[in-house]
Amino acid sequence: MTTYVLIPGADGRAWYWHRVVPMLRERGHDAVAVDLPSGLDAGLAEHVTAVVDAIGDRDTGDDGPVLVAQSLAAVIAPLVCERIPVQQIILVNPMIPTPGETAGEWWDNTGRDEAARAFAAEEGRDPDAGFDLIVDFFHDVPQDATDEAMSGEASGPSEALFAEPWPLRAWPDVPTRILQGRDDRFFPLGFQLRIAAERLPGVPVEDLPGGHLVALSRPVELTELICDVTEAPRSR
C-alpha cells in the first residue's frame with residue numbers, strides 16, 4: 001500500500017481530486033486530498049503546513065508518502081520534503097520553480113504566454129483571445145464536473161504565494177516524475193518538455209491525454225499513470 005497525498009493547484013480545493021481518490025483506494029492504496037489555505041497572506045510555509053497537517057498521523061511507512069502536485073502545487077511539494085520523509089514527488093501539469101524565483105515571475109521567466117499563444121494558433125484558436133476559464137481549463141472536462149466546479153467556492157491562490165521567492169537552493173533529492181496532459185492549453189506539452197529539460201534535467205516527462213485539469217477530465221488514465229510511475233524505476 002502507498003499513501004498518496006494529492007495537492008491541488010491554484011483552485012486550492014481538495015475537491016479537485018474527488019474522481020482520483022476513490023480510484024486509488026480501489027487499488028488498495030491510501031489517498032488524502034489537501035485543502036490549501038485561502039487567506040491572502042498565506043505563504044509557502046502555511047501551504048506546507050496544510051499538507052503536513054492533512055497527512056496527520058497516517059502510517060506512511062519509513063519512506064513516507066508519494067506527493068502528487070497539480071500545477072502551482074509544484075512550488076509546494078518540494079518544501080514538504082524538508083518537513084517529513086517523502087517517497088516520491090509526482091508533478092502533474094506543473095509550474096516547475098527555480099531557486100529564488102517567485103510564482104509571479106515564473107510566467108515571464110519561462111515564456112509561458114508566448115507558448116500558449118503559439119499552441120492556440122496551432123489548434124486554430126485565436127492566439128490573442130486572452131484567458132478564458134472554459135476554453136483554457138474546462139474544454140475537455142465533463143459538463144457535470146464543470147457545473148460542480150463552478151457551483152463551489154474556490155479559495156484561489158494567495159497574493160503571498162505568488163510574491164514569495166522559492167527558498168530551496170536545488171530540487172530535493174527525492175525521486176521525481178512529471179505527468180503532462182497532451183491537450184493542456186494552459187501549459188502546452190512542448191513548452192513543458194522544454195522547461196522540464198531546463199529546470200529538472202533527467203526527470204522523465206510522461207504524457208497522457210487530457211488538458212490542464214486532467215484529474216477531472218481523465219481520472220482513469222491519470223490514476224493508472226500515477227500508480228505506474230510509482231512502481232517504475234525512479235529518477236533523481
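Look above for the structure.
Since the model is a prediction, treat every value here as computed from it, not as a measurement.

Participant: Would you take a moment to explain the packing of aromatic side chains for this structure?
Facilitator: To describe a pair of aromatic rings, you give the distance between the ring centres and the angle between the ring planes. One pass over the structure, following the stated rule, counts 12 aromatic pairs. Here the aromatic cluster, defined as three or more aromatic residues joined through ring pairs, consists of Trp106, Trp107, Phe131, Phe137, Phe186, Phe187 and Phe191. Residue placement shows Arg112 over the ring face of Phe186; its charged tip is 4.6 Å from the ring centre.

Participant: Where do I start with the pairing of strand β3 (residues 66-70) in this structure?
Facilitator: Strand residues, when the strand is regular, have side chains that alternate between the two faces of the sheet. Burial of β3 is extensive: 5 of the 5 residues sit out of reach of the surface. Here β3 shows no split at all, with Val66, Val68 and Gln70 on one side and Leu67 and Ala69 on the other all buried. Inspection of the sheet shows strand β1 (residues 3-7) paired to β3 by 4 bridges, in the parallel sense. Directly across from Leu6, in β3, lies its bridge partner Val68. With 5 bridges connecting them, β3 and strand β4 (residues 88-92) associate as parallel partners. Counted as the bridge partner of Leu67 is Ile89 from β4.

Participant: What should I look at first to understand helix α5 (residues 112-123) in this one?
Facilitator: Helical periodicity: at 3.6 residues per turn, an α-helix aligns residues three or four positions apart in one direction. For α5, with 12 residues, the first-to-last C-alpha span of 17 Å sits near the 16 Å given by 1.5 Å per residue. For α5, the set of buried residues is Arg112, Ala115, Ala116, Phe119 and Ala120. Here the buried residues of α5 occupy an arc of 135° about the axis, which is enough to place them on one side. Looking one or two residues past α5, Gly124 carries a phi angle of roughly 85°, positive in sign.

Participant: Looking at this structure, how should I read the pairing of β4?
Facilitator: The element β4 is extensively covered by neighbouring structure, given that 5 of its 5 residues are classed as buried. Residue alternation in β4 divides its side chains into two sets, Gln88, Ile90 and Val92 and Ile89 and Leu91, and both sets are buried. With 4 bridges joining them, β4 and strand β5 (residues 176-181) adopt parallel strand pairing. Residue pairing in the sheet places Ile90 in a bridge with Arg177 of β5.

Participant: Is there a simple way to explain the sheet that holds strand β6 (residues 205-208) in this structure?
Facilitator: Pairing between sheet strands relies on hydrogen bonds along the backbone, with the strands arranged either parallel or antiparallel. The strand order across the open sheet formed by 6 strands is β2-β1-β3-β4-β5-β6, and the pairing between neighbours is parallel. The sheet is open, and its two edges are formed by β2 (30-33) and β6, each paired on a single side. Shown here is a sheet whose adjacent strand axes are inclined to one another by a mean of 20°, direction ignored. Inspection of the sheet shows β5 paired to β6 by 4 bridges, in the parallel sense. In the sheet register, Leu179 faces β6, and the bridge partner there is Glu206.

Participant: When you look at the pattern of salt bridges in this model, what are you seeing that I'm missing?
Facilitator: Think of it this way: side chains of opposite charge can pair up when their charged atoms draw near. In total, this model carries 10 salt bridges according to the counting rule given. Here Arg182 and Asp207 are joined by a salt bridge, their closest N and O atoms 2.7 Å apart. Remark: Asp207 occurs in strand β6 and Arg182 occurs in the loop between β5 and α9 (189-199); sequence separation between them is 25 residues. Here Arg182 falls in the partly exposed class, since its relative accessible area comes to 39%. Classification of Asp207 as partly exposed rests on a relative accessible area of 37%. As a salt-bridge pair, Glu221 and Arg218 come within 3.0 Å of each other at their nearest N and O atoms. Within the structure, one salt-bridge network assembled from shared partners comprises Glu123, Arg125 and Arg185.

Participant: Honestly, a nonpolar patch on the surface in this entry has me stumped. Any pointers?
Facilitator: There is a patch of nonpolar side chains on the surface, built from Phe131, Leu133, Ile134, Val135 and Met150 and spanning about 420 Å² of accessible area. Ranked by the residues each element gives to the nonpolar patch, the list is headed by helix α6 (residues 133-137), at 3 residues. As for its placement among the helices and strands, Ile134 is situated in helix α6. Taking relative accessible area as the criterion, Ile134 reaches 41% and is therefore assigned partly exposed.

The rules behind the values
- Residues numbered from 1 in each chain as written.
- Predicted model: local features only at pLDDT ≥ 70, side-chain atom pairs only at ≥ 80, totals over all residues.
- Heavy atoms only, no water.
- Phe/Tyr/Trp six-rings, centres within 6.5 Å; stacked < 30°, edge-to-face > 60°.
- Lys NZ or Arg CZ within 6 Å of the ring centre and 35° of its normal.
- Buried < 20%, exposed > 50% of the residue type's maximum accessible area, 1.4 Å probe, protein only.
- Helix = DSSP H or I, 4+ residues; strand = E, 2+ residues; numbered from the N terminus.
- Pairing = 2+ DSSP bridges.
- Expected span 1.5 Å × (residues − 1).
- Arc of directions from axis to C-beta.
- Axes fitted to C-alpha atoms, helices over the stretch in contact; angles between N-to-C directions.
- Salt bridge = Lys/Arg side-chain N within 4 Å of Asp/Glu carboxyl O.
- Patch = residues over 30% accessible without salt bridge, like charges linked within 9 Å, V, L, I, M, F, W, Y side chains within 5 Å.
- Areas by Shrake-Rupley, 256 points an atom, 1.4 Å probe, with all protein chains shown as cover.

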